[in-house]
Number of protein chains: 2
Amino acid sequence: MKNLPVFLMGCGGVGRQLLQHIVSCRSLHAKQGVHLRVVGVCDSKSLVVVADVLIAELDDSFLLEVCRVKSNGSSLQTLANSGLAFVDCSASAETIGVLNQVVDFGCCVVLANKKPLTVPMEDYDKLVSRPRRLRHESTVGAGLPVIASLNRIISSGDPVYRIIGSLSGTLGYVMSEVEYGRPFSQVVNAAKSLGYTEPDPRDDLGGMDVARKALILARLLGRRLNLDNMKIESLYPEEMGPDVMPLEDFLVNGLPLLDQKIEDRIKQASANGNVLRYVCLIDDARCEVGIQEVSKDSALGRLRGSDNVVEIYSRCYEKQPLVIQGAGAGNDTTAAGVLADILDIQDLFP
Amino acid sequence: MKNLPVFLMGCGGVGRQLLQHIVSCRSLHAKQGVHLRVVGVCDSKSLVVVADVLIAELDDSFLLEVCRVKSNGSSLQTLANSGLAFVDCSASAETIGVLNQVVDFGCCVVLANKKPLTVPMEDYDKLVSRPRRLRHESTVGAGLPVIASLNRIISSGDPVYRIIGSLSGTLGYVMSEVEYGRPFSQVVNAAKSLGYTEPDPRDDLGGMDVARKALILARLLGRRLNLDNMKIESLYPEEMGPDVMPLEDFLVNGLPLLDQKIEDRIKQASANGNVLRYVCLIDDARCEVGIQEVSKDSALGRLRGSDNVVEIYSRCYEKQPLVIQGAGAGNDTTAAGVLADILDIQDLFP
């Protein structure tokens, strides 16, 4: 039986779900000859770590308790042991320092957190310096096998010409709904009521989350870019930003001022036989996020609801792209992606 | 630099392309810190193997020559070395014996050949007894990441409820073309002229190739099935089989007799708002291949041309499936899938 020690950073939504998955998969993993030994859990305020990280583990009932009660624990000195999967399910920009220390110790790193991958190149290079020991499928499209597939294409020497995708369930929903003639403001408010958006929808409409995903993909292709080199289209103007306009004011008075412009763009696209999608677009010349016209007969153009979709064009997938589509958000599917990543590094363990 | 010895069985279309990929990816792999050391190549009649398999390798110019000239070589005694990736790019049903010996020796096995995975369960169990040492992405949908994605879902404990897919470019093309009212016989003849079919199109129309792929997926899900337990719909009746009716006779006189029945089924499906696809279908109750009605708004229903598409339904992808779509045939993409598999087992090597 392989013994794979796991340390989990971040036990909010995704982290908690991951612990529940780990516990409920015990017999499945036993059949596969693997045992995930959880040696520690922390969130931004607290840390729980087992006394002897070499042999002990947090037992399942304790893991489920940890999900509920945030206990305080001793300090994070136990990282000096190599052969540890260090899992970052937080959403913090501050973990890169710890992660790069962990990499130095020779540990494996599994990320659901996008931010460590969008830091300046120097820190990024350090983080990815031992690529086989880093997995981060859930940073793009949650559990959808976007990164696994892209890595397979890269390692087979098949040159990638172009990636275009809808990587925000919220913006995917909004852009397909406005197509039916509903005003932009009404669709955004409906999306908020349905729980599809962040509490302040401007966090989605600004495009930064999609930009991070685009940057992660572009860097996988070897592009040495930073977030501030990227063209990022915001669906609201600066004067309606969170620092300028209160949320309620934005929803009631700000949004309707944007309806006409979106409607005009939709009509223009429609005249060209196209539809509008908020996409990430990476090719030789560009790495950008924003509204693009796409053919209504493409996978992107046919997208409805909150699914994500990614089209990858390469020598092998030249005329017709490789398409990966499905739910790209949610704690459950994100946690499933993290767990698959952990299982995928098992060959690095004794 | 990691040193990964590779032995290639089968140097026809896919195998030859693989050798060319290996040679052209040398600098890419060097950057990744991996060197693929090809120690031997064989096809059904000949074997070329390097003298000292522990340190020597077939050099690149020789590999490219091997692609052209089939040389005779010494016997296959060198397998006793563990830490070898044994690659089967043949289409032979006879390799299972050798492969199971190779597994006994502790070697890794990479397959583009479907047939070793569709042998009776006892031999199959042996072949998959060390699952981390077996990769076979290219057996289903060529280089499309179908198996990698399914394995990720399985190892994350996400239960798979249903897989439905169009896994034959030929049958995908035929079923989408007849939808426009063209007679079945005419479409099959056109597909043959376009080079989409086997020399005798009955090899595609019989469904056996799709059935093998369905069985491979079902067995991955833990179903203990054999080919003879499966419902396999043939698109021609027994009395038009290759043993009964010459090819020319089938194309000219046999096929048109099938037009009316297909047309009737299309009309019936259309009355239900559906279209017909030749699919593999795996769920709790079924593992079968044949014509099914599918919603014209699903990924399967919207399929055109010779792309493959697979829809996977699970707890995480319950209402909307995970969809993987793209070119599912061709030497280039198949070989790319094999190469990605080889690179993917590198952590098992020193």
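Definitions and limits used
- Residues numbered from 1 in each chain as written.
- Chains lettered and ligands numbered in written order.
- Predicted model: local features only at pLDDT ≥ 70, side-chain atom pairs only at ≥ 80, totals over all residues.
- Helix = DSSP H or I, 4+ residues; strand = E, 2+ residues; numbered from the N terminus.
- Rg over C-alpha atoms; globule rule 2.2 N^0.38 Å.
- Buried ≥ 20, exposed ≤ 12 C-beta atoms within 10 Å, placed from the backbone.
- Contact = placed C-beta atoms within 7 Å.
- Domains from an automatic or database assignment.
- Nonpolar A, V, L, I, M, F, W, Y, C, P; charged D, E, K, R; others polar.
- Pairing = 2+ DSSP bridges.
- Axes fitted to C-alpha atoms, helices over the stretch in contact; angles between N-to-C directions.
- Least-squares fit on C-alpha atoms with pLDDT ≥ 70 in both.
- Expected span 1.5 Å × (residues − 1).
- Core = buried A, V, L, I, M, F, W, Y, C linked by C-beta atoms within 7 Å.
- Parallel < 35°, antiparallel > 145°, perpendicular 65-115°, else oblique.
- Left-handed = near helix turned anticlockwise from the far one by under 90°.
- pLDDT = per-residue confidence, 0-100.

(A) How the structure looks around the overall build of chain A. Across its full length, chain A carries 13 helices and twelve strands. Against the 2.2 N^0.38 benchmark of 20 Å for 350 residues, chain A shows a C-alpha radius of gyration of 21 Å, consistent with a compact globule. On the principal axes, the C-alpha backbone points of chain A span a range of 65 × 50 × 40 Å. Burial status across chain A gives 49% buried among its 350 residues. Put simply, 69% of the contacts in chain A that link residues at least 6 apart link residues at least 24 apart.

(B) Seen up close, the domain arrangement of chain A. All names here are of chain A. In terms of domains, chain A is made up of domain 1 (2-142 + 332-348) and domain 2 (160-327). The gap between the C-alpha centroids of domain 1 and domain 2 is 31 Å. The partner domain 2 presents 13 residues to the eleven residues of domain 1 that form the contact. For the side of domain 1 that touches domain 2, the residue count by class is six nonpolar, four polar and one charged.

(C) Up close: the sheet that holds strand β10 (residues 287-295) of chain B. The twelve strands lie next to each other as β8(A)-β10(A)-β9(A)-β7(A)-β11(A)-β12(A)-β12(B)-β11(B)-β7(B)-β9(B)-β10(B)-β8(B), forming an open sheet whose pairing is mixed. Edge positions in the open sheet fall to β8 (231-232) of chain A together with β8 (231-232) of chain B, since each of these has one partner strand only. Packing of helix α12 (residues 259-271) of chain A onto the sheet brings it into contact with β9 (274-283) and β10 (287-295) of chain A, and relative to β9(A) it is tilted by some 90 degrees. Against the sheet, helix α12 (residues 259-271) of chain B engages β9 (274-283) and β10 of chain B, with an angle of about 90 degrees to β9(B).

(D) Quick peek at the interface of chain A and chain B. Every contact between the two is made by 37 residues of chain A and, on the other side, 37 residues of chain B. At the level of secondary structure, the elements contributing two or more residues to the side of chain A that touches chain B comprise α1 (13-24), α6 (146-155), β12 (322-326) and α13 (331-344) of chain A. At six residues, the largest contribution of residues to the side of chain A that touches chain B is made by α13(A). Tallied by class, residues from the side of chain A that touches chain B come to 18 nonpolar, twelve polar and seven charged. Strand direction decides the pairing type here: β12(A) and strand β12 (residues 322-326) of chain B, joined by three bridges, are antiparallel. When the bridges of β12(B) are listed, A:Gln325 appears paired with B:Val323.

(E) Broad picture of unusual backbone geometry. Residue and element names in this part refer to chain A. Backbone geometry at Ala142 places phi at a positive 50 degrees, although glycine is not the residue there. Take Ala142: it is sitting in the loop between β6 (134-135) and α6. Judged by the 27 C-beta atoms lying within 10 Å of it, Ala142 falls in the buried class.

(F) Structural view of the relation of the copies chain A and chain B. The transformation that overlays chain A on chain B combines an axial shift of 0.0 Å with a rotation of 180 degrees, and the residual RMSD is 0.0 Å. Such a combination of rotation and displacement between the chain copies is what one expects of a two-fold axis. Proximity to the rotation axis, assessed at the C-alpha, singles out A:Ile324 in chain A; its C-alpha lies 2.4 Å from the axis.

(G) Seen up close, the pairing of strand β11 (residues 308-314) of chain A. Residues and elements named next belong to chain A. β11 sits mainly inside the fold: six of its seven residues count as buried. Where strand β7 (residues 160-166) meets β11, six bridges bridge the pair, whose relative direction is antiparallel. When the bridges of β11 are listed, Ile164 appears paired with Glu311.

(H) Structural view of helix α10 (residues 208-220) of chain B. All names here are of chain B. When the terminal C-alpha atoms of α10 are compared, their 18 Å separation across 13 residues agrees well with the 18 Å that a helix rising 1.5 Å per residue should span. Of all 13 residues that make up α10, ten are buried, and the element is covered over most of its length. If you follow the buried residues of α10, they end up packed against α6 (146-155), β7 (160-166), α7 (169-178), β8, β9 and β10. Two residues or fewer after α10 comes Gly222, characterised by a positive phi angle close to 95 degrees.

(I) Examining the nonpolar core more closely. Ranked by size, the top nonpolar core spans 202 residues in total, and within it A:Val87, A:Ala214, B:Val87 and B:Ala214 carry the most contacts. Sequence-distant contacts of A:Ala214, defined by excluding residues within four places in its chain, comprise A:Met230, A:Cys280, A:Ile282, A:Cys287 and A:Val289.

(J) Representation of the packing of helix α7 (residues 169-178) of chain A against helix α8 (residues 184-193) of chain A within the structure. All names here are of chain A. The N-to-C vectors of α7 and α8 enclose an angle of 140 degrees; their axes lie 9 Å apart at closest approach. It follows that α7 is oblique to α8 by the angle criterion. The crossing of α7 and α8 is right-handed. Taken together, the residues of α8 that come into contact with α7 (itself represented by Thr170, Tyr173, Val174, Glu177 and Val178) are Phe184, Val187, Val188 and Ala191. For the contact of α7 with α8, the residue count by class is seven nonpolar, one polar and one charged.

(K) Molecular detail of the pairing of β7(B). Residues and elements named next belong to chain B. Taking burial as the measure, the seven residues of β7 include five buried ones, the bulk of the element. Note that β7 and β9 share four bridges and pair antiparallel. In the sheet register, Arg162 faces β9, and the bridge partner there is Asp283.

(L) How the structure looks around the confidence of the model for chain A. All names here are of chain A. Looking at chain A as a whole, the pLDDT averages 88, with 91% of positions reaching at least 70. Every residue in residues 70-82 is under pLDDT 50, and counting partners more than four places away or in other chains gives 28 contacts. The complex model carries a pTM of 0.81, and its ipTM stands at 0.78.

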